[in-house]
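# Residue-level structure breakdown
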Amino acid sequence: MFTDGACKGNPGRGGWGVWLRSPGHEKELFGGEAHTTNNRMELTAVIEGLSALKRPCEIDLYLDSQYVRQGITEWITGWKAKGWRTSSKQPVKNVDLWQRLDALVSGAGHTIHWHWVRGHAGHEGNERADALANRGVDSLRSGT
């Protein structure tokens, strides 16, 4: 699974994209929101990708967002222990999406291997997810 988010302005019009690939199958997903942030779109891409899976899977998930990767693999345990507060006692930003992602990661039976890749560096899967995220932004203008 390859995921990416895009935003034209931050906040601004945003899009998310997912490229799912397994032997003999592939699927593209994308969508957009009229007023959002890049981090929300990065989170939404992962949420939508995981939500599209119909059964528990072993997943290699590639993303270019350190915010999402570190949030779900490192920071979330502390946030939950502190009542969804950061180490500086501030409310966690995007808590609605973090809670949805946490439920998918911990409750759907998936085994997820998180892989960070540098964005816009020619990685085939990341470039395709980026193009899908931009289609999500463009869909807001065209109404598709």
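A quick note: this is a predicted structure, and the numbers were derived from the prediction, not measured. Residue numbering note: each chain is counted from 1, following its sequence as written. Only residues with pLDDT of 70 or above have their local features reported here, since the model is predicted, and side-chain atom pairs are shown and tallied only from 80 upward, although totals for entire chains, interfaces and linings are computed over all residues. As a rule here, side-chain values cover all heavy atoms of the structure and leave hydrogens and water aside.

Each helix corresponds to a stretch of at least 4 residues labelled H or I by DSSP, and each strand to a stretch of at least 2 residues labelled E; elements are numbered beginning at the N terminus. Relative to the elements of secondary structure, Arg69 occurs in helix H2 (residues 66-81). In contact with Arg69, not counting residues within four places along its chain, are Leu63, Glu74, Trp114 and Trp116. Two residues form a contact once any of their heavy atoms are found within 4.5 Å.

The next point concerns helix H3 (residues 95-107). If you check H3, its first and last C-alpha atoms are 17 Å apart, about what 13 residues at 1.5 Å a residue would give, namely 18 Å. Think of it in three bands: with a 1.4 Å probe and only protein chains considered, a residue is buried below 20% of the maximum accessible area for its type, exposed above 50%, and partly exposed in between. Every buried residue of H3 is accounted for by Leu97, Trp98, Leu101, Asp102 and Leu104. All buried residues of H3 project into a common sector of 165° when viewed along the axis, lining one side. For H3, the exposed residues lying more than 90 degrees away from the buried face are Ser106 and Gly107. Where the residues of H3 are buried, they touch helix H1 (38-51) and H2. A positive phi of about 80° marks Gly109, the residue just after H3. A helix's residues, less one, multiplied by 1.5 Å, set its expected span. As used here, the arc belongs to the directions running from the helix axis to the C-beta atoms.

Across the sheet, which stays open at both edges, the 5 strands sit in the order S3-S2-S1-S4-S5 with mixed pairing between neighbours. A single partner strand is all that each edge strand has here, and the edge strands are strand S3 (25-36) and strand S5 (111-116). Adjacent strand axes in the sheet meet at a mean angle of 20° when their direction is disregarded. Criterion used throughout: strands pair if DSSP finds at least two bridges between them. Across 10 bridges, the pairing between strand S2 (residues 12-22) and S3 is antiparallel. What sits directly across from Gly14, in S3, is Glu33. Each axis is a line fitted through C-alpha atoms, taken for helices only over the stretch in contact, and angles between the N-to-C directions span 0 to 180 degrees. On the sheet, H2 packs against strand S4 (58-63) and S5 and is oriented at approximately 140° with respect to S5.

Below, the discussion takes up the environment of Val105. Mapped onto the elements of the fold, Val105 is located in helix H3. As a C-alpha pair, Val105 and Ile47 span 58 residues in sequence and 9.2 Å in three-dimensional space.

Given two aromatic rings, their pairing is described by the distance between the two centres and the angle made by the two planes. Two rings from Phe, Tyr or Trp (for Trp, the six-membered ring) form a pair when their centres are within 6.5 Å of each other. A pair whose planes differ by under 30 degrees is stacked, one over 60 is edge-to-face, and the rest are tilted. In the structure shown here, the tally under the stated rule is 5 aromatic pairs. Look at Phe2 and Tyr62: their rings are 5.0 Å apart centre to centre, the planes differ by 20°, and that puts the pair in the stacked class. Remark: Tyr62 occurs in strand S4 and Phe2 occurs in strand S1 (residues 2-9); sequence separation between them is 60 residues. The class for Tyr62 is partly exposed, based on a relative accessible area of 24%. Consider the rings of Trp75 and Trp79, whose centres lie 6.0 Å apart with planes at 50°: the pair is tilted. In this pair, Trp75 and Trp79 both sit in helix H2, 4 residues apart, roughly one turn of the helix.

Attention shifts here to the side chain of Asp130. Summarising the element assignment, Asp130 is placed in helix H4 (residues 124-142). Salt bridges are absent for the buried Asp130, whose nearest opposite-charge side chain, Lys8, sits at 7.0 Å. In this view, Asp130 contacts Asp4 and His120; residues no more than four positions away in its chain are not counted. Under this rule, positive means Lys or Arg and negative means Asp or Glu; His and the chain ends count for nothing. We count a salt bridge whenever a side-chain nitrogen from Lys or Arg sits within 4 Å of a carboxyl oxygen from Asp or Glu.

UniProt positions are given in the numbering used here, feature names are shortened, and annotations may be inferred rather than shown by experiment. Under the local residue numbering, the UniProt record ascribes the feature "binding site: Mg(2+) 2" (unreviewed entry) to Asp4 and Asp130. Spatially, the listed residues are clustered: although they cover 127 residues, their C-alpha atoms lie within 5.4 Å of one another. Relative to the elements of secondary structure, Asp4 occurs in strand S1. Given a relative accessible area of 2%, Asp4 falls into the buried group. Setting aside residues no more than four positions away along its own chain, Asp4 makes contact with Gly15, Trp16, Gly17, Met41, Glu42, Ala45, Asp64, Asn126, Ala129, Asp130 and Ala133.

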